[in-house]
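Each chain is listed here by its residues.
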Amino acid sequence: SQHFTLYHLGRGDYPSVKKTIYRILAIGLGLSLAGLITLQILASDISTVFLHSTSYTELVRILGVVLFGNIMFGILNGTILGIQQFRLSAIISIVIWVTYYFGALGFAVYLRSIDTIVFGWLLGILLGVVIDLAVVMASVNRYFGSGKPPSNSYLFRYSLPILLSGIISYGAAYADRLIVSGLLN
């Protein structure tokens, strides 16, 4: 999103900026929903394999919503960077990640349950998606006309390495947690 938005802004092709942002948001929404649906379907299996019990199935389903939010936040924040709102992106990121981690910690301490950490993550990331979406929509309304955004095949060809890198880094961030939870009761 950042790359293509900046590319069209640099060319002064504002209508294409708007269309590109909408196209990337639609693709991102589709991929986010695919991740959400996959975790909803596999929640029981994931709970059994990594947590040795199906009692965590609902928690894994909630993690599906966190996954959805993380994907959308990344795309929306990339869009904000693409429209050259660097300072705003940084401020939003600080607020969101502080809410994400301290909300998780606060829920765990206040409610005395480690399961509530997921609710802190959920609160933080959904707040980020809502704020980013509001900023992107307000900014996109400045661009008028009908431009020609890049084709979907070009978007996918360019973005596939970035997508794979993101999946690997996301997985790496959680691999240690999953391994530990898989080995312990």
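Residues numbered from 1 in each chain as written. Predicted model: local features only at pLDDT ≥ 70, side-chain atom pairs only at ≥ 80, totals over all residues. Heavy atoms only, no water.

1. A word on the overall build of the chain
Helices and strands together make up the secondary structure of the chain, namely six helices and zero strands. Each helix (α) and strand (β) of the chain, taken in turn from the N terminus, gives the series α-α-α-α-α-α. Classification of the 185 residues of the chain by burial places 37% in the buried group. Taking as baseline every contact in the chain between residues at least 6 positions apart, the subset at least 24 positions apart corresponds to 76%. A total of about 10500 Å² of accessible surface is found on the chain, and carbon and sulfur atoms cover 71% of it. (Helix = DSSP H or I, 4+ residues; strand = E, 2+ residues; numbered from the N terminus. Buried < 20%, exposed > 50% of the residue type's maximum accessible area, 1.4 Å probe, protein only. Contact = heavy atoms within 4.5 Å. Areas by Shrake-Rupley, 256 points an atom, 1.4 Å probe, with all protein chains shown as cover.)

2. A look at the side chain of S93
Position of S93 relative to the elements: it lies in helix α4 (residues 86-111). Among the residues examined, S93 registers a relative accessible area of 18% and is labelled buried. Residues within four places of S93 in sequence aside, it is in contact with F73 and N77.

3. Details of helix α2 (residues 14-51)
Two residues of an α-helix separated by three or four positions point the same way, owing to the 3.6 residues in each turn. The sharpest bend along α2 measures roughly 65° and falls at L42. A positive backbone phi angle near 60° is found at H52, which sits one or two residues after α2. (Bend = angle between axes of the 7 residues up to and from the residue.)

4. Brief notes about helix α3 (residues 57-82)
With 26 residues, α3 ought to run about 38 Å at 1.5 Å a step, and its terminal C-alpha atoms sit 38 Å apart, in line with that. Once α3 finishes, Q84 follows within two positions and takes phi at roughly 65°, a positive value. (Expected span 1.5 Å × (residues − 1).)

5. Focus: unusual backbone geometry
The backbone of Q84 sits at a positive phi, close to 65°, despite the residue not being glycine. With respect to the helices and strands, Q84 occurs in the loop between α3 and α4. Even without glycine at this site, R112 takes up a positive phi of about 55°.

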